[in-house]
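Coordinate analysis (summary)
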Amino acid sequence: MNLTLKIWRQKSAKDKGKIVDYTMSDVSPDMSFLEMLDVLNQELIDKGEEPIAFDHDCREGICGMCSMFVNGQAHGPDRAITVCQLHMRSFKDGDTIYIEPWRAKAFPVIKDLIVDRSSFDRIQHAGGFISVNTSGNTQDANAIPINKHDADAAFDAATCIGCGACVASCKNSSAMLFVSAKVSQFALLPQGQVEATDRVMNMVKQMDAEGFGNCTNTGACEVECPKGISLENIARMNREYLKASFKG
Amino acid sequence: MSGILNSSIGRKFAMALSALFLMVFILQHFAINILSVFSPDTFNEASHFMGTFWAVQFILQPVLIFGVIFHFVMGFVLEIQNNRARQVSYAKSNGAANSSWMSRNMIWSGGFILVFIVIHMIDFWVHEMNVKYVAGDMSGLINPADPTSGFRYYEELVVKFVPIWRVALYCVGFIFLALHLLHGFGSAFQSIGANNKYTKALKGVSNVYSIGIPAGFIFIALYHHFAH
Ligand code: SF4
Ligand code: FES
């Protein structure tokens, strides 16, 4: 199939950047989206042009690196997948496809389609952990009885891969879904209780300091999240936060 | 108070509490207005009570005014902050793929509701304040000198709905209210942390409230326009 690609090109963080048009012919519907970009990059290299910089690593939907806004949606038109899992059969011959980086003040563009997501790391550092005693007689986690429902919900929250599609999709560039997943995975388990108050307060404080927007419950994040992280996590984080605020 | 408003979740919580309060207010406002269709006398009694009972006038009314102003100011502040959180916008963005039109346009539905409220206040509230607190007439009578003249509230309501332009404006205002509520009702519960096994049932209540109440207000406006 033949395609027209409108791709965001930006030399560096300081460069203004613009959309550049590329045409591709003979794209196989069996290619993955990233393979299609690999082919385009090879063509650019052969012509002596600068290839398009884009993030990727695992190419199997685990690492969350492939951050691309494809045709107006995070990770493209399909549901519950990352861009590396998107295939060209989702498009038609003659299609025009927009490819842009995540847009958020807290995710500045480094080059072309690559954004800096270290704001997520700083939120994690602010409280997304538990302190484990490593004296040699640490209790086996499996020895602590945990309600099956809570264990499942904590596991679901823990599947967040930190891709940032939630922020990219949100009209307010809010990071609530990501932060709520990271708060929830501990809030639901006994191991998370000791630091529960500090965790939610510090993580939310860091989230706000990074310049993410306010959540208005549009629900776009939940729909676009490749891991199906639920809005229930945001409600849980709100409860945790209010509880922690009143504790002081 | 200002402490909690410094955090994104605090602002969200405050926005939800003011919204829940305003939704209770709208419900009682509707309950009294609908009386004007079925029983003008009861409507007059209720209006007189609400307009003269001290606790309503000097406690609930100031709280309501504060709630309304807070909800609007906060809504605009949030909109500005949220716009700043994305400085370069997408060349192509398909919001309809993942969220409702209502949820993405609360600022517009809210803005039109604000215009409506200003007109509504000029229509009824400013007049009430003038009669009661400037002219000092607390009687609520059509002719204060004549105790047999009856209450004025029903008459005043009917007169307001004679011009078709005002009826049309009110109808548009209520359509925007419905759009605002269709997202806002459930959103307020999510914001206070209530997302649980009752959320599905709540969605049903939300739809009944968000469409039923504005439709009821529209019915009242049309009824008085065509009945008199
Ligand atoms: S919540 Fe979902 S969309 Fe957001 S970072 Fe985690 S996996 Fe990605
Ligand atoms: S490259 Fe790892 S999720 Fe796409």
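Here, every reference points to the structure presented above.
An account of the accompanying structure is given in this report. In this text, all values refer to a predicted model and were calculated from it rather than measured experimentally. (Residues numbered from 1 in each chain as written. Chains lettered and ligands numbered in written order. Predicted model: local features only at pLDDT ≥ 70, side-chain atom pairs only at ≥ 80, totals over all residues. Heavy atoms only, no water.)

A tally of helices and strands in chain B yields 9 helices and 0 strands. Sequence-ordered secondary structure for chain B, helices as α and strands as β, is α-α-α-α-α-α-α-α-α. For the C-alpha atoms alone, the extent of chain B along its principal axes is close to 65 × 40 × 35 Å. Put simply, chain B has 228 residues, and 45% of those count as buried. Put simply, chain B shows about 11900 Å² of open surface, and 74% of that area lies on carbon and sulfur atoms. For chain B, the distance from the average position of its 13 positive side-chain charges to the average position of its 9 negative side-chain charges is 28 Å. (Helix = DSSP H or I, 4+ residues; strand = E, 2+ residues; numbered from the N terminus. Buried < 20%, exposed > 50% of the residue type's maximum accessible area, 1.4 Å probe, protein only. Areas by Shrake-Rupley, 256 points an atom, 1.4 Å probe, with all protein chains shown as cover. Lys, Arg positive; Asp, Glu negative; His and termini not counted. Charge placed at Lys NZ, Arg CZ, Asp CG, Glu CD.)

Our focus in this paragraph is the overall build of chain A. Helices and strands together make up the secondary structure of chain A, namely 8 helices and 7 strands. When the backbone C-alpha atoms are referred to their principal axes, chain A occupies close to 60 × 35 × 35 Å. The buried share among the 248 residues of chain A stands at 52%. Of the contacts made within chain A by residues no fewer than 6 positions apart, 68% connect residues no fewer than 24 positions apart. With the model as given, the accessible surface of chain A reaches about 11100 Å², and the carbon-plus-sulfur share is 51%. Each charge class in chain A can be summarised by its mean position, and for the 26 positive and 32 negative side chains these summaries are 7 Å apart. (Contact = heavy atoms within 4.5 Å.)

With that out of the way, let us pick up the nonpolar core. When a protein is soluble and globular, its nonpolar side chains tend to lie buried together. Counting residues in hydrophobic clusters, the biggest one holds 40 residues, and the most contacted among them are Val179 and Phe212 of chain A. Of all the secondary-structure elements, those providing two or more residues to this core are α2 (118-125), α4 (165-169), α5 (176-187), α6 (196-209) and α8 (232-247) of chain A. A total of 6 residues in this core trace back to one element, the largest contributor, which is α5 of chain A. If we skip the residues at most four places from it in the chain, Phe212 of chain A touches Ala106, Phe107, Ser119, Phe120, Ile123, Val167, Ser173, Ser174, Ala175 and Met207 of chain A together with Ala85 of chain B. Among the nonpolar cores identified, the runner-up in size contains 34 residues, and Ala46, Phe116, Phe174 and Ile218 of chain B belong to it. (Core = buried A, V, L, I, M, F, W, Y, C linked by side-chain atoms within 4.5 Å.)

Residues and elements named next belong to chain A. Strand order in the open sheet formed by 5 strands is β2-β1-β5-β3-β4, and the pairing between neighbours is mixed. The strands lining the two open edges of the sheet, one partner per strand, are β2 (18-24) and β4 (73-74). The strands touched by helix α1 (residues 33-46) within the sheet are β1 (3-9), β2, β3 (69-70) and β5 (96-100), with β2 carrying the most contacts at an inclination of about 90 degrees. (Pairing = 2+ DSSP bridges. Axes fitted to C-alpha atoms, helices over the stretch in contact; angles between N-to-C directions.)

Residues and elements named next belong to chain A. Surrounding ligand 1, one finds 13 residues, the nearest of these being Cys160, Cys163, Gly164, Cys166 and Cys225. The set of elements that each furnish at least two residues to the shell around ligand 1 consists of α4 and α5. Taken together, the residues of the shell around ligand 1 sort by class into 11 nonpolar, 2 polar and no charged. (Near = heavy atom within 4 Å. Nonpolar A, V, L, I, M, F, W, Y, C, P; charged D, E, K, R; others polar.)

Before going further, it helps to examine the packing of α2 of chain A against α6 of chain A. All names here are of chain A. Closest axis-to-axis distance for the α2/α6 pair is 8 Å, and the angle between their directions is 155 degrees. Taken together, the axis directions place α2 and α6 in an arrangement best described as roughly antiparallel. Where α2 crosses over α6, the handedness of that crossing is right-handed. Touching Arg122, Ile123 and Gln124 of α2 are Met203, Gln206 and Met207, all from α6. (Parallel < 35°, antiparallel > 145°, perpendicular 65-115°, else oblique. Left-handed = near helix turned anticlockwise from the far one by under 90°.)

Moving on to the interface of chain B and chain A. Contacts between the two partners involve 37 residues from chain B, matched on the other side by 45 residues from chain A. Carbon and sulfur atoms supply 52% of the area that chain B and chain A bury against each other, a total of about 3300 Å² over both sides. The largest contributions to the chain B side of the interface with chain A come from Ile9, Tyr90 and Asn98 of chain B, which together make up 20% of the buried area. At the surface where chain B touches chain A, the tally comes to 0 salt bridges. Counting across the chain B and chain A interface gives 27 residue pairs in polar contact (both at pLDDT 80 or more). Elements represented by at least two residues in the side of chain B that touches chain A include exactly α2 (8-38), α4 (54-84), α5 (101-104) and α8 (164-191) of chain B. Here the side of chain B that touches chain A gets 6 residues from one element, more than from any other, and that element is α2 of chain B. Here the side of chain B that touches chain A is built from residues that sort into 11 nonpolar, 19 polar and 7 charged. (Buried area = accessible area lost by both parts, 1.4 Å probe. Salt bridge = Lys/Arg side-chain N within 4 Å of Asp/Glu carboxyl O. Polar contact = N/O pair within 3.5 Å; in protein donor to acceptor, adjacent residues only side chain to side chain.)

A few words now on unusual backbone geometry. Residues and elements named next belong to chain A. Positive phi outside glycine occurs at Asp26, with the angle close to 60 degrees. Mapping Asp26 onto the fold places it in the loop between β2 and α1. We note that Asn71 has phi near 50 degrees; this positive angle belongs to a residue other than glycine. If you trace the backbone, Asn71 turns up in the loop between β3 and β4.

Let us now look at a nonpolar patch on the surface. Residue and element names in this part refer to chain B. A surface patch of nonpolar side chains, about 860 Å² in accessible area, is lined by Phe21, Phe49, Phe53, Trp54, Phe58, Ile59, Val63, Tyr133 and Met138. Counting residues per element, the nonpolar patch draws most heavily on α4, which supplies 4 residues. Relative to the assigned elements, Val63 resides in helix α4. (Patch = residues over 30% accessible without salt bridge, like charges linked within 9 Å, V, L, I, M, F, W, Y side chains within 5 Å.)

A separate point is the side chain of Thr218 of chain A. Relative to the elements of secondary structure, Thr218 of chain A occurs in the loop between α6 and α7 (220-224). Reaching out from Thr218 of chain A, the side chain makes a polar contact with the backbone nitrogen of Ala220 of chain A at a distance of 3.3 Å. If we ignore the near neighbours within four places in the chain, the residues touching Thr218 of chain A are Lys171 of chain A together with Asn98, Ser99, Ser103 and His183 of chain B.

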